[in-house]
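Remarks on the overall topology
Listed below, chain by chain, are the residues.
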Amino acid sequence: IAAQSGKRVYVSSETEDRTYRALVNADGTITDLRLFADRGGESVAVDSRGNVYVANGQIFVYNPAGRLIVQIDVPERPIDILFGGANRHTLFILGHHALFAAKIQ
């Protein structure tokens, strides 16, 4: 997980089936660890608006307050997700046998 000091970081636990958020301090430690969503998975990514994407069989998208807003169905179980492309508006979804991309408005 990549994180910047002074910013929020999201950590997803597939075992617990929960996603947490925390604040990263300047020295790299984290504080204010809190439950964000009662769904965890293989990977988590955050878009430019603060929406949180959790890969758990499909992609579940939560608003910054932790409310589920949409589910993105993919043809193969995702094992990793991240944003890239121009202006970071493309969600790249790695499956076991393929790489998918979804443009996020």
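Heads up: the structure comes first, above all this text.
Residues numbered from 1 in each chain as written. Predicted model: local features only at pLDDT ≥ 70, side-chain atom pairs only at ≥ 80, totals over all residues. Heavy atoms only, no water.

Scanning the chain for helices and strands turns up 0 helices and 10 strands. Counting from the amino terminus, helix and strand elements in the chain follow one another as β-β-β-β-β-β-β-β-β-β. A compact globule built from 105 residues should have a C-alpha radius of gyration of about 13 Å, and the chain, at 13 Å, falls within 12% of that. The C-alpha extent of the chain, read off along each of the three principal axes, is 40 × 30 × 25 Å. Among the 105 residues that make up the chain, the fraction classed as buried is 39%. Of the contacts formed within the chain by residues at least 6 apart in sequence, a portion of 24% connects residues at least 24 apart. Here the chain has roughly 6,300 Å² of accessible surface; of this, 51% comes from carbon and sulfur atoms. (Helix = DSSP H or I, 4+ residues; strand = E, 2+ residues; numbered from the N terminus. Rg over C-alpha atoms; globule rule 2.2 N^0.38 Å. Buried < 20%, exposed > 50% of the residue type's maximum accessible area, 1.4 Å probe, protein only. Contact = heavy atoms within 4.5 Å. Areas by Shrake-Rupley, 256 points an atom, 1.4 Å probe, with all protein chains shown as cover.)

Attention now goes to the layout of surface pockets. What the largest pocket holds in volume is close to 540 Å³. Forming the boundary of the largest pocket are 17 residues, of which Ala2, Arg8, Ala45, Val46 and Arg88 lie nearest the centre. Listing elements by their share of the lining of the largest pocket, those giving two or more residues are strand 1 (8–13), strand 4 (43–46) and strand 8 (78–84). Class assignment of the residues belonging to the lining of the largest pocket gives a composition of 11 nonpolar, 2 polar and 4 charged. (1 Å grid on protein atoms, 1.4 Å probe; cavity = no way out; pocket = protein on both sides within 12 Å on 5 of 7 lines; lining within 4 Å. Points joined across faces, edges and corners; volume = space filled by probe spheres on them. Nonpolar A, V, L, I, M, F, W, Y, C, P; charged D, E, K, R; others polar.)

In this section: the packing of aromatic side chains. Scanning all chains against the criterion turns up 3 aromatic pairs. Summarising the aromatic geometry, the rings of Tyr10 and Phe36 are spaced 5.0 Å apart at their centres and angled 75° between planes, so their arrangement reads as edge-to-face. Taken together, the residues span a long stretch of sequence, with Tyr10 in strand 1 and Phe36 in strand 3 (residues 30–37) at a distance of 26 residues. Centre to centre, the rings of Tyr53 and Phe83 are 5.0 Å apart; their planes meet at 80°, and the pair counts as edge-to-face. Taken together, the residues span a long stretch of sequence, with Tyr53 in strand 5 (residues 52–56) and Phe83 in strand 8 at a distance of 30 residues. (Phe/Tyr/Trp six-rings, centres within 6.5 Å; stacked < 30°, edge-to-face > 60°.)

Quick look at unusual backbone geometry now. Of all residues except glycine, most have a negative phi; of all peptide bonds, most are trans. Unlike most non-glycine residues, Asp17 shows phi in positive territory, near 55°. Assignment of secondary structure puts Asp17 in the loop between strand 1 and strand 2 (18–24).

A word on the pairing of strand 5. The side chains of a regular strand alternate, residue by residue, between the two faces of the sheet. Within strand 5, 5 of the 5 residues are buried, which leaves it mostly tucked inside the rest of the structure. Burial of strand 5 is two-sided: the residues Val52, Val54 and Asn56 facing one way and the residues Tyr53 and Ala55 facing the other way are all buried. Connecting strand 4 to the next strand, strand 5, in antiparallel fashion are 5 residues, including Gly50 with a positive phi near 90°. Sheet analysis places strand 5 next to strand 6 (residues 58–62), joined by 5 bridges and oriented antiparallel. Following the sheet pairing, Val52 is matched in strand 6 by Tyr62. (Pairing = 2+ DSSP bridges.)

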